[in-house]
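Examining the three-dimensional arrangement
Single-letter residue listing:
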Amino acid sequence: MDATLPLDYLTPPSSAHSSSPREEDRTLIMLSTTFFPGADIGQGGLPADIVLHSADSVFFYVHRAVLQAASSNGFNGHLNTMKLPLPSKLQPQNTAFPVAVASHPSFIQSPLITPPDESLQDNTEQDLLQVDSTPLPAIIALPEHSTIINIVLHLLYKLSCERYNPTLGTIAKLFPLLTKYGLSASDLIAPISDIPRILLSYAPIEPIEVYAIAAANGLHSLAVLASQYTLTVPLWSMTDVQANAMGPIYLKRLMFLHMGRAEALKRVLTAPPEYHVPTETCTLDSQKAVTRAWSLATAYVLHGAQGTIVDSSSLTSGHQLQGVSTTLLDTVFSPLVQNVGCPACKESLRTRISALVHDWSLVKSTI
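Residues numbered from 1 in each chain as written. Predicted model: local features only at pLDDT ≥ 70, side-chain atom pairs only at ≥ 80, totals over all residues. Heavy atoms only, no water.

**Some thoughts on the packing of aromatic side chains**
Across all of its chains, the model carries 5 aromatic pairs by this definition. Relative to Tyr 157, the ring of Phe 35 lies with its centre 5.3 Å away and its plane at 55°, an arrangement referred to as tilted. One end of the pair, Phe 35, is in the loop between β2 (28-32) and β3 (50-53); the other, Tyr 157, is in the loop between α4 (146-156) and α5 (168-180), with 122 residues separating them in the sequence. Overall, Phe 35 belongs to the buried group, its relative accessible area being 0%. According to the relative accessible area criterion, Tyr 157 is buried, its value standing at 7%. When the centroid spacing of 4.4 Å and the interplanar angle of 25° are considered together, the rings of Phe 75 and Tyr 181 count as stacked. Within this pair, whereas Phe 75 is found in the loop between α1 (64-70) and α2 (78-81), its partner Tyr 181 is found in the loop between α5 and α6 (185-188), the two being separated by 106 residues in sequence. Take Tyr 181: its relative accessible area is 3%, and that puts it in the buried class. Ring pairs connect the aromatic residues Phe 35, Phe 60 and Tyr 157, which therefore count as one cluster. (Phe/Tyr/Trp six-rings, centres within 6.5 Å; stacked < 30°, edge-to-face > 60°. Helix = DSSP H or I, 4+ residues; strand = E, 2+ residues; numbered from the N terminus. Buried < 20%, exposed > 50% of the residue type's maximum accessible area, 1.4 Å probe, protein only.)

**Considerations on the packing of α5 against helix α8 (residues 207-216)**
At their nearest, the axes of α5 and α8 sit 11 Å apart, and the two run at 20° to each other. In terms of orientation, α5 lies roughly parallel with respect to α8. α8 is crossed by α5, and the crossing has left-handed handedness. Contact residues: α5 offers Leu 168, Ala 172 and Phe 175, while α8 offers Glu 209, Val 210 and Ile 213. Its residues assigned to classes, the contact of α5 with α8 shows 5 nonpolar, no polar and 1 charged. (Axes fitted to C-alpha atoms, helices over the stretch in contact; angles between N-to-C directions. Parallel < 35°, antiparallel > 145°, perpendicular 65-115°, else oblique. Left-handed = near helix turned anticlockwise from the far one by under 90°. Contact = heavy atoms within 4.5 Å. Nonpolar A, V, L, I, M, F, W, Y, C, P; charged D, E, K, R; others polar.)

**Things to note about the packing of α4 against α5**
Where α4 contacts α5, the axes come no closer than 10 Å and their chain directions differ by 65°. Between α4 and α5 lies a crossing of right-handed hand. Where α4 abuts α5, its residues Thr 147, Ile 148, Ile 151, Val 152 and Leu 155 lie against Thr 170, Lys 173, Leu 174, Leu 177 and Leu 178.

**A look at the confidence of the model for the protein**
Of all residues in the protein, 73% attain a pLDDT of 70 or more, and the chain-wide mean is 79. At the level of individual helices and strands, the protein shows its lowest average pLDDT in helix α3 (residues 105-108), which scores 32, and its highest in α8, which scores 96. Scored below 50 in pLDDT, residues 4-9 makes 25 contacts in the model with residues more than four places away or belonging to other chains. Low pLDDT (under 50) marks residues 307-318, which in the prediction has 20 contacts with non-local residues, meaning those over four places away or in another chain. (pLDDT = per-residue confidence, 0-100.)

**Considering the pattern of salt bridges**
Tallied over the entire structure, the rule returns 4 salt bridges. Each of Glu 162, Asp 194 and Arg 197 takes part in a single network of salt bridges with overlapping partners. (Salt bridge = Lys/Arg side-chain N within 4 Å of Asp/Glu carboxyl O.)

**Comments concerning helix α9 (residues 220-229)**
All of the buried residues along α9 are Leu 222, Ala 223, Val 224, Ala 226 and Ser 227. Buried residues in α9 make contact with α7 (194-201), α8 and α10 (240-270).

Dropping the structure here:
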């Protein structure tokens, strides 16, 4: 995301003064690999007129017009109070001391800047002035880390940030930052953009957190998708912070989803396989044995799912009722068929298992 370059790259020297400062006076700075001087970021070749300086000293070359158009508060007031940069012909030429920093006094004290070398200055005032009138970009110092600023700028310029693979923590900080700088999350973050996709990739690991972020920021489509992953974790694992972030509406929807599926599972498991007409080889008592086996398997799912279900083949531990899968049901009930000798009972049991799996697959799994 950043690259290390000499400090004098901030303000390239003119051809009239191509002398370089001494090697020991050169200081390295870090520039964004996307937002650097001359970068093609969709502004028709217009030069950047603002430099954003992050808390970890990374420089981002951006355009005032882009920030102004998207922000409702002048980028937290920076654009309203910022002094416009003077034409470069009124600025000192010394390349070891970029004059762009003069627009932000606090940045002048930065240890990144090397004081001008007197040996590089001419004796006449005329030689200290550039001959062109291109304004030098003003610098705005921001208190945020470069990782989060980088994501914000990618959203503003409608660029993909997926290659940076931002962490869930970084994305969680993104939304308050958008509000701080007067940026609309609903305008910048489309349902099919990078941010929802990246958030959804974390849903299998942190389902409650992803759901809370989506709910708190009006990303309804993402909240719907993330809600399915919450079925694998108990609601009591939710923190107060997450519950407050969701708000009453999305919290209610999530609770109803979990409780509704738990009740639905009990309902679809209740009915045992149907009896057939007793025969000499399969009496009513024999068929009741199949019913008892079904009841035991049902208890295994309903009570074991709330505690621990362990099977050497495919079951894992700690399944929640609302998160029981159709695969789990088929794995639990299908072995019953092998222990039944009556062909009619076998067929009845297979029909009941198929109906069970089908009915459970139809139960809504999202908010």
